[in-house]
Amino acid sequence: MSKEFDILVIGGGPGGYVAAIRAAQLGFTVACCESNPYADPKGEPRLGGTCLNVGCIPSKALLHTSHLYEEAAHAFAGQGIEIGAPKINVSKMLARKNGIVEQLTGGIKGLFKKNKVTFLSGHGAFAGKSTNGWKLKVGKEEVEAKQVIVATGSRPRHLPNLSVDNKLVCDNVGALDIDAVPKKLAVIGAGIIGLEMGSVWRRLGAEVTILEALPEFLPIADVDVAKEALKIFTKQGLVIYTGVKIGEVKTGKKNVTVAYTDKDGKAAQLEADRLIVSIGRIPNTEGLNAGAVGLNLNERGQIEVDAHCKTNLPGVWAIGDVVRGPMLAHKAMEEGVQVAELIAGQAGHTNLDAIPAVIYTTPEIAWVGKTEQQLKAEGVAYKAGKIPFLANGRALGIGAPEGFVKMLADAKTDRILGVHIIGAGASDLISEATVALEFAGASEDLARICHAHPTLSEVLHEAALACDKRALHF
């Protein structure tokens, strides 16, 4: 006899495990299945998905270590701290990163136990309809569930005809486990992963060259932020080429050669000790047996859903990277909570127009809402307030004067439309802007809120004031 549950969640990444926990809190019998190949010490698949295992968490650990190294090598002396030249022990750095991953992924299993979520080890796929819902295969066993939440995440997109061994040629997985600082590192793709991983290894001493196919640098960000970021990253030592067309990639025993055509149409080639390919991600929908049960997918391989994450099948939902919207862990978590609460008859909600995005470079980059180029394209009348961190006492005190906060507000109603930050602490500062945007706040609302002094948050406050041309400290 097959196991029966109210809800089966397919995938134990950020969206899946959060959906399972919230559904269990609401009184449902819940199971979550996972077939992640990264085994924990007991040999079972690890929960946490790409984010915890080979994405958000381990990359931030490496970014932090490499930032400290660069500070010790280049910034301490300017603050009167005299030390010898620092040395990096890559194996210890990776061990620390791996320890953090093990702690957090193991913690999810503890949360499952606490909330009475059943963990099923194995790949989940649809097998057909049942009397009260759906039959699914999880590994070799059959499971029945009244409701199904698909949260299978995504995987890195690879270049055609190029084998990724995660030794010489790496995607995001191998980029986190490079065992020695390469002399020369090539990166294809100047998106979030490319910039973050390129920054890690540049700080540790690698010569890093990034090749980007798009004609503009970082077009997902506000145009002013992208221009400032390119200037800063170039000054730091990252070599970034845009408008590049990648040709043949040849691998040797210890090196990689990338042939490409630059933006002017000239042929060139790049030789490196390691290559990181970071050209986007693909939703994991192939193994669901979607066609057999009639689950609708779009041309990108994503599961089609409505505004409430409902699919075309009764009792089947989909969240996170397998559906429309940004491929971000926190977006998946919000949708996981939303779906669990909707199943319980509550009013679950995810506002895709108020999902913050962060790039954890130095300085950090973060934004929420519309960019200036989007507002222009849509014909929206707006006003802008822009304040540099250079005018902020706290930023100067911590040695981080680079960047700015830019706020965009409706020219008539003053409602905040977008906030864009490049600077120290941007990943935390964007939260205040997200709250304001979610509650339809005006720039005047933030301008009239008292901000502690001296803090980096005062730059956001000044940007709000600047929307009305009344900045006080710039």
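In what follows, the accompanying structure is described.

About the criteria used
- Residues numbered from 1 in each chain as written.
- Predicted model: local features only at pLDDT ≥ 70, side-chain atom pairs only at ≥ 80, totals over all residues.
- Heavy atoms only, no water.
- Core = buried A, V, L, I, M, F, W, Y, C linked by side-chain atoms within 4.5 Å.
- Buried < 20%, exposed > 50% of the residue type's maximum accessible area, 1.4 Å probe, protein only.
- Helix = DSSP H or I, 4+ residues; strand = E, 2+ residues; numbered from the N terminus.
- Contact = heavy atoms within 4.5 Å.
- Pairing = 2+ DSSP bridges.
- Axes fitted to C-alpha atoms, helices over the stretch in contact; angles between N-to-C directions.
- Salt bridge = Lys/Arg side-chain N within 4 Å of Asp/Glu carboxyl O.
- Expected span 1.5 Å × (residues − 1).
- Parallel < 35°, antiparallel > 145°, perpendicular 65-115°, else oblique.
- Left-handed = near helix turned anticlockwise from the far one by under 90°.
- Nonpolar A, V, L, I, M, F, W, Y, C, P; charged D, E, K, R; others polar.
- 1 Å grid on protein atoms, 1.4 Å probe; cavity = no way out; pocket = protein on both sides within 12 Å on 5 of 7 lines; lining within 4 Å.
- Points joined across faces, edges and corners; volume = space filled by probe spheres on them.

**Let's talk about the nonpolar core**
Counting residues in hydrophobic clusters, the biggest one holds 42 residues, and the most contacted among them are Trp-201, Ile-210, Phe-217, Leu-218, Phe-233, Ile-276 and Ile-365. Looking at which element gives the most residues to this core, the answer is helix H7 (residues 223–236), with five residues. The residues touching Leu-218, leaving out its near neighbours within four places in the chain, are Ala-190, Leu-195, Ala-226, Ile-359 and Ile-365.

**With respect to unusual backbone geometry**
Following Thr-362, the chain continues to Pro-363 via a peptide bond in cis, the omega torsion being 0°. Secondary-structure assignment places Pro-363 in the loop between strand E18 (357–359) and strand E19 (364–369). For the peptide bond that leads from His-453 to Pro-454, omega is -5°, which places it in the cis range. Phi is positive for Lys-116, close to 60°, though the residue is something other than glycine. Here Lys-116 is to be found in the loop between helix H4 (90–115) and strand E3 (117–121).

**Overview of the pairing of strand E21 (residues 404–410)**
Taking burial as the measure, the seven residues of E21 include seven buried ones, the bulk of the element. With burial as the criterion, each face of E21 is covered, one bearing Phe-404, Lys-406, Leu-408 and Asp-410 and the other bearing Val-405, Met-407 and Ala-409. Relative to E21, strand E20 (residues 382–388) is paired through seven bridges, and the arrangement is antiparallel. Looking across to E21, one finds that Tyr-382 is bridged to Asp-410. Inspection of the sheet shows E21 paired to strand E22 (residues 416–423) by six bridges, in the antiparallel sense. The residue of E22 that forms the bridge with Lys-406 is His-420. Between E21 and E22, which follow one another and run antiparallel, lie five residues, and Asp-414 among them has a positive phi close to 75°.

**Focus: the sheet that holds strand E14 (residues 267–272)**
The sheet built from three strands is open, its strands ordered E12-E13-E14 with antiparallel pairing. Both edges of this open sheet fall to strand E12 (245–251) and E14, since each of them pairs with a single strand only. Direction aside, the axes of adjacent strands within the sheet are offset by 20° on average. Sheet topology note: the strand E13 (residues 256–261)/E14 ladder contains six bridges and is antiparallel. By the bridge assignment, Thr-261 is partnered in E14 with Ala-267.

**Brief notes about the pattern of salt bridges**
In total, this model carries 22 salt bridges according to the counting rule given. Glu-341 is the partner of Arg-22 in a salt bridge, and the nearest nitrogen-oxygen pair spans 3.0 Å. Of this pair, Arg-22 sits in helix H1 (residues 14–25) while Glu-341 sits in helix H9 (residues 329–343), and the two are 319 residues apart along the sequence. Residue classification places Glu-341 among the buried positions, given a relative accessible area of 17%. The closest approach of N and O atoms between Lys-376 and Glu-372, which form a salt bridge, is 3.9 Å. Of this pair, Lys-376 and Glu-372 both sit in helix H10 (residues 372–378), separated by four residues, roughly a single helical turn. We classify Lys-376 as exposed; its relative accessible area is 56%.

**Looking at helix H3 (residues 56–75)**
Under the 1.5 Å per step criterion, the end-to-end length of H3 is 26 Å for 20 residues, consistent within 8% with the ideal 28 Å. The set of residues buried in H3 consists of Pro-58, Ser-59, Ala-61, Leu-62, Leu-63, Thr-65, Ser-66, Tyr-69, Glu-70 and Ala-72. Against the buried residues of H3 lie helix H2 (49–54), H4 and helix H6 (192–203).

**Remarks on the packing of H1 against H4**
Direction vectors running N to C along H1 and H4 enclose 20°, while the axes themselves pass 9 Å from each other. In this view, H1 runs roughly parallel relative to H4, as classed from their interaxial angle. Where H1 crosses over H4, the two elements pack in a sense that is left-handed. For the pair formed by H1 and H4, the contact residues are Tyr-17, Ala-20, Ile-21, Ala-24 and Gln-25 on the first element and Ile-108, Leu-111, Phe-112 and Asn-115 on the second. Grouping the amino acids of the contact of H1 with H4 by side-chain chemistry returns seven nonpolar, two polar and no charged.

**With respect to the packing of H1 against H9**
Between H1 and H9, whose axes approach to 7 Å, the crossing angle comes to 30°. The orientation of H1 relative to H9 falls into the category roughly parallel. Every pair of crossing elements has a handedness; the one defined by H1 and H9 is right-handed. Residues Pro-14, Gly-15, Tyr-17, Val-18, Ala-19, Arg-22 and Ala-23 of H1 lie in contact with H9, whose contacting residues are Ala-329, Ala-332, Met-333, Gly-336, Val-337, Ala-340 and Glu-341. When grouped by side-chain class, the residues that make up the contact of H1 with H9 number ten nonpolar, two polar and two charged.

**Some thoughts on the sheet that holds E19**
Strand pairing in a sheet relies on backbone hydrogen bonds. The paired strands run either parallel or antiparallel. One open sheet holds the five strands; their spatial order is E18-E19-E22-E21-E20, and the pairing between them is antiparallel. Strands with a single pairing partner mark the edges of an open sheet, and in this sheet they are E18 and E20. Within the sheet, the average angular offset between the axes of one strand and its neighbour, ignoring direction, is 10°. Set on the sheet, H7 makes contact with E19, E20, E21 and E22; between it and E22 the angle comes to about 5°.

**Re the layout of surface pockets**
In this structure, the second largest pocket spans a volume of roughly 1000 Å³. Contributing elements (two or more residues each) for the lining of the second largest pocket: H3, H6, H7 and helix H12 (426–438). Among the elements that make up the lining of the second largest pocket, the one with the highest residue count is H3 (nine residues). For the lining of the second largest pocket, the residue count by class is eleven nonpolar, twelve polar and nine charged.

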